[in-house]
Amino acid sequence: MTPRPTPPAEPGPVWAPLTSATDVERATGLAWLSGLGHNRAAPADLLLCLLDAGTHDVLHRDDLPEEVVDAAIAHPGRRVRIAVAESGRLTPAQWDRLIAATPGSGLRGLFTELAGAARKPSPGDALPPAGPADPAELAATAAATPDIDPGSGSAELRWVTALHADAEAMRLLAASPKLLVRRSVARAPRLPADVADLLARDEDRVVRIFLAESCDDAPPWMLLDMAGWWDGTFSFPGRPRNHPNFPREGLLRLAADPNPRLRAAALDDPATSCADVERAAADPDPVVRRAAAGHRRLAPATAAALAADDDRDVRWLARTNPALPPEDLVALLLDPRGAATGARNPAVPGAVMHRMVDLALAHTGIPPAP
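Residues numbered from 1 in each chain as written. Predicted model: local features only at pLDDT ≥ 70, side-chain atom pairs only at ≥ 80, totals over all residues. Heavy atoms only, no water.

Points about the overall build of the chain
Alright, step 1. A tally of regular secondary structure across the chain gives 22 helices and zero strands.
Alright, step 2. Principal axes of the C-alpha set define a box for the chain whose edges measure 75 × 65 × 30 Å.
Alright, step 3. Split into buried and exposed, the 370 residues of the chain put 44% on the buried side.
Alright, step 4. Counting only contacts in the chain whose residues sit at least 6 apart along the sequence, the fraction spanning at least 24 positions is 53%.
Alright, step 5. Charged side chains in the chain number 39 positive and 48 negative. The centres of these two groups are separated by 3 Å. (Helix = DSSP H or I, 4+ residues; strand = E, 2+ residues; numbered from the N terminus. Buried < 20%, exposed > 50% of the residue type's maximum accessible area, 1.4 Å probe, protein only. Contact = heavy atoms within 4.5 Å. Lys, Arg positive; Asp, Glu negative; His and termini not counted. Charge placed at Lys NZ, Arg CZ, Asp CG, Glu CD.)

Quick look at the packing of aromatic side chains
Alright, step 1. Taken as a whole and assessed by the stated rule, the structure comprises zero aromatic pairs.
Alright, step 2. Between the NZ or CZ atom of Arg187 and the centre of the ring of Phe210, over which it lies, the distance is 3.7 Å.
Alright, step 3. The cationic tip of Arg205 hangs over the ring face of Trp229; the distance from NZ or CZ to the ring centre is 3.9 Å. (Phe/Tyr/Trp six-rings, centres within 6.5 Å; stacked < 30°, edge-to-face > 60°. Lys NZ or Arg CZ within 6 Å of the ring centre and 35° of its normal.)

Let's talk about helix 12 (residues 193-200)
Alright, step 1. Three or more residues of helix 12 are buried, namely Val195, Ala196, Leu199 and Ala200. The buried residues of helix 12 occupy an angular sector of 135° when projected down its axis, which confines them to one face.
Alright, step 2. Against helix 10 (167-173), helix 11 (179-186), helix 13 (205-214) and helix 14 (220-226) lie the buried residues of helix 12. (Arc of directions from axis to C-beta.)

What about the environment of Val24?
Alright, step 1. By the secondary structure assignment, Val24 is in the loop between helix 1 (16-19) and helix 2 (26-36).
Alright, step 2. Judged by relative accessible area, which is 11%, Val24 ranks as buried.
Alright, step 3. With residues near it in sequence (within four places) discarded, Val24 still touches Gly29, Trp32, Leu359, Ala360 and His363.

Structural notes on helix 11
Alright, step 1. Burial analysis of helix 11 places eight of its eight residues in the buried class, which makes it a mostly covered element.
Alright, step 2. Residues of helix 11 that are buried include every one of Leu179, Leu180, Val181, Arg182, Arg183, Ser184, Val185 and Ala186, and no others.
Alright, step 3. Of the surrounding elements, those touching the buried residues of helix 11 are helix 8 (135-143), helix 9 (158-161), helix 10, helix 12 and helix 13.

What to know about the packing of helix 4 (residues 66-73) against helix 5 (residues 78-86)
Alright, step 1. At their nearest, the axes of helix 4 and helix 5 sit 8 Å apart, and the two run at 125° to each other. One way to sum up the angle between helix 4 and helix 5 is to call them oblique. Residues Val69, Ala72 and Ile73 of helix 4 form the contact with helix 5, whose participating residues are Val80, Arg81 and Val84.
Alright, step 2. Split by residue class, the contact of helix 4 with helix 5 holds five nonpolar, no polar and one charged. (Axes fitted to C-alpha atoms, helices over the stretch in contact; angles between N-to-C directions. Parallel < 35°, antiparallel > 145°, perpendicular 65-115°, else oblique. Nonpolar A, V, L, I, M, F, W, Y, C, P; charged D, E, K, R; others polar.)

A short note on the pattern of salt bridges
When the charged atoms of two side chains with opposite charge come close together, those side chains can pair.
Alright, step 1. Within the structure shown, the criterion is met by 20 salt bridges.
Alright, step 2. We note a salt bridge from Arg40 to Asp62, for which the minimum N-O separation is 3.4 Å. A residue pair is termed long-range when its members are at least 10 positions apart, and Arg40 in the loop between helix 2 and helix 3 (44-52) and Asp62 in the loop between helix 3 and helix 4 qualify at 22 residues.
Alright, step 3. According to the relative accessible area criterion, Arg40 is exposed, its value standing at 55%.
Alright, step 4. Under the relative-accessibility criterion, Asp62 is labelled exposed at 56%.
Alright, step 5. Here Arg182 and Asp202 are joined by a salt bridge, their closest N and O atoms 2.5 Å apart. With Arg182 in helix 11 and Asp202 in the loop between helix 12 and helix 13, this residue pair connects regions lying 20 residues apart in the sequence.
Alright, step 6. Arg182 gets classed as buried once you look at its relative accessible area, which sits at 9%.
Alright, step 7. Taken together, the shared-partner salt bridges connect Arg40, Arg61, Asp62 and Asp63 into one network. (Salt bridge = Lys/Arg side-chain N within 4 Å of Asp/Glu carboxyl O.)

Some points on the confidence of the model for the chain
Alright, step 1. Confidence along the chain averages 90 in pLDDT terms, with 92% of residues attaining 70 or more.
Alright, step 2. A low-confidence stretch, residues 121-126 (pLDDT under 50), is modelled with 15 contacts involving residues beyond four sequence positions or located in other chains. (pLDDT = per-residue confidence, 0-100.)

Pasting the structure below:
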């Protein structure tokens, strides 16, 4: 079991309802444990304590400190090791360490099977062409690729993936009439500018989406156009607006655009002022208010107002924004209905986080991990 660390220095008096508390409702304590596991400011030692407490969903985060993953791999608790295996985020070396650290043959066999599945390449309908990429051979292989319905899902073709670093091969395949080939090219991490531009004009939306998700060379103009109709996917949240090529300079010109998605994107402009955020916070469309509610320049009073917005997502973003006044955040943490959301707010001081964990473990009946 992970030893309890020494908590940081005590915070200010506004946090006294939490730091001086001696009891907590079970529902509130459980909500704290869940929310703190997703708090981006939670220190690694606190996350380790949550693992010991049985809060395993923290292992599905994509920004976990390496020491937390390593601790989960070597954890004596069977459920912790199963949770880290199911997270889908282990590297081959981490899989090897997990398998080696698992004593039971049954569980070790399961992990070995899962590791093998994680290491398999994406399925495809053809094998990679033999030897150096030959234009005629590539054209023939592409021509043999089955046609697919534009509305269907599609896996990446392995033979195209194997050629992602070959600029000439990508140039040839990007012009293929086969939709599955073009979608596979769009998954390349890097592409020549002319190839990326060609795919950015593809009639198939999925080609453009794949390009925005996977390729660092997706054209800025395409990303801005997509911001008007696409919100990203579960696997690539934040796209296209968090793409490195997204054209942020000068976006404030869109602050009065008829399209609310573009009004929201206007706040990505680095020149955005507090006044711009305030105007967006009063927008009648919740899409725009969501952009304001999560903005780093949101005023505390406005954060408090948006925390009671009619739109659930606006409320969530405002309640997790560090701009939320401490007294409002404390009230949220003490309310079982908002405690899990408030516990995600990075403005919660480290000492308060530790006190919340202590109270939750003492009053929820959760036993320590085996």
